[in-house]
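Residue-level structure breakdown
Residues per chain are reported as follows:
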Amino acid sequence: MVTEPAAEQRCHLGLWLRGEGYRRYANNPMLYEDLLGRHDSLHRLAREAKACHDLGDAQGVLQKISDLGRENRSLMALLQQTLP
């Protein structure tokens, strides 16, 4: 599940980033760190949204969902720019 601790290392994209993605982009550390950071941020935001939900904070959930969408679009744009 996306909100579990360390899920970013076990999800499909996380596995790719730490395998094939690393082999492709390790020679460009700034890009690779940006990809990892954005991916990790998605999982962090999902955990924060769940925490808001668990507390009954509907406004917080909506804000985190908005943040998630923005971060996801940024990550997807970065991936589209870098993949052949």
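Residues numbered from 1 in each chain as written. Predicted model: local features only at pLDDT ≥ 70, side-chain atom pairs only at ≥ 80, totals over all residues. Heavy atoms only, no water.

The predicted model of the chain averages 91 in pLDDT, with 96% of residues at 70 or higher. Element-level mean pLDDT values for the chain span from 92 in helix α1 (residues 12–18) up to 95 in helix α4 (residues 58–82). (pLDDT = per-residue confidence, 0-100. Helix = DSSP H or I, 4+ residues; strand = E, 2+ residues; numbered from the N terminus.)

In this fold, Leu-17 is placed in helix α1. Each C-alpha atom, one on Leu-17 and one on Asp-67, is 22 Å from the other, the two residues being 50 residues apart in sequence. Leave out the neighbours within four places in its chain, and Leu-17 touches Tyr-22, Tyr-32, Leu-35, Leu-36 and His-39. (Contact = heavy atoms within 4.5 Å.)

For the rest of this paragraph, the subject is the packing of helix α3 (residues 29–54) against α4. Put simply, α3 and α4 touch, their axes get as near as 9 Å, and they point 160° apart. Classed by the angle they form, the pair α3 and α4 counts as roughly antiparallel. α4 is crossed by α3, and the crossing has left-handed handedness. (Axes fitted to C-alpha atoms, helices over the stretch in contact; angles between N-to-C directions. Parallel < 35°, antiparallel > 145°, perpendicular 65-115°, else oblique. Left-handed = near helix turned anticlockwise from the far one by under 90°.)

A few words on the pattern of salt bridges. The final tally for this structure, using the stated rule, is 10 salt bridges. Among the salt bridges present, the one from Arg-44 reaches Glu-48, with a minimum N-O distance of 3.0 Å. In this pair, Arg-44 and Glu-48 both sit in helix α3, 4 residues apart, roughly one turn of the helix. Between Lys-64 and Glu-48 there is a salt bridge; the shortest N-O distance is 2.7 Å. (Salt bridge = Lys/Arg side-chain N within 4 Å of Asp/Glu carboxyl O.)

Turning our attention to α4. The end-to-end C-alpha distance of α4, which contains 25 residues, comes to 36 Å, matching closely the 36 Å that a straight helix rising 1.5 Å per residue would cover. All of the buried residues in α4 are Gly-60, Val-61, Asp-67, Gly-69, Glu-71, Leu-75, Leu-78 and Leu-79. Tucked into the core, α4 has its buried residues touching α1 and α3. (Expected span 1.5 Å × (residues − 1). Buried < 20%, exposed > 50% of the residue type's maximum accessible area, 1.4 Å probe, protein only.)

Time to look at the nonpolar core. Soluble globular proteins tend to pack their nonpolar side chains together in the buried interior. By size, the foremost hydrophobic cluster in this structure holds 10 residues: Leu-17, Tyr-25, Leu-31, Tyr-32, Leu-35, Leu-36, Leu-42, Leu-75, Leu-78 and Leu-79. The set of elements that each furnish at least two residues to this core consists of α3 and α4. Residue contributions to this core peak at 5 residues, all from α3. In contact with Tyr-32, other than residues within four places in its own chain, are Leu-17, Arg-18, Gly-21, Tyr-22 and Tyr-25. (Core = buried A, V, L, I, M, F, W, Y, C linked by side-chain atoms within 4.5 Å.)

Before going further, it helps to examine α3. Helix length check: α3, at 26 residues, gives a terminal C-alpha distance of 37 Å against a target of 38 Å (1.5 Å per residue), a fit within 8%. Taken together, the buried positions of α3 are Leu-31, Tyr-32, Leu-35, Leu-36, His-39, Ser-41, Leu-42, His-43, Leu-45, Ala-46, Ala-49 and Cys-52. At the C-terminal side of α3, Gly-56 shows a positive phi close to 80°.

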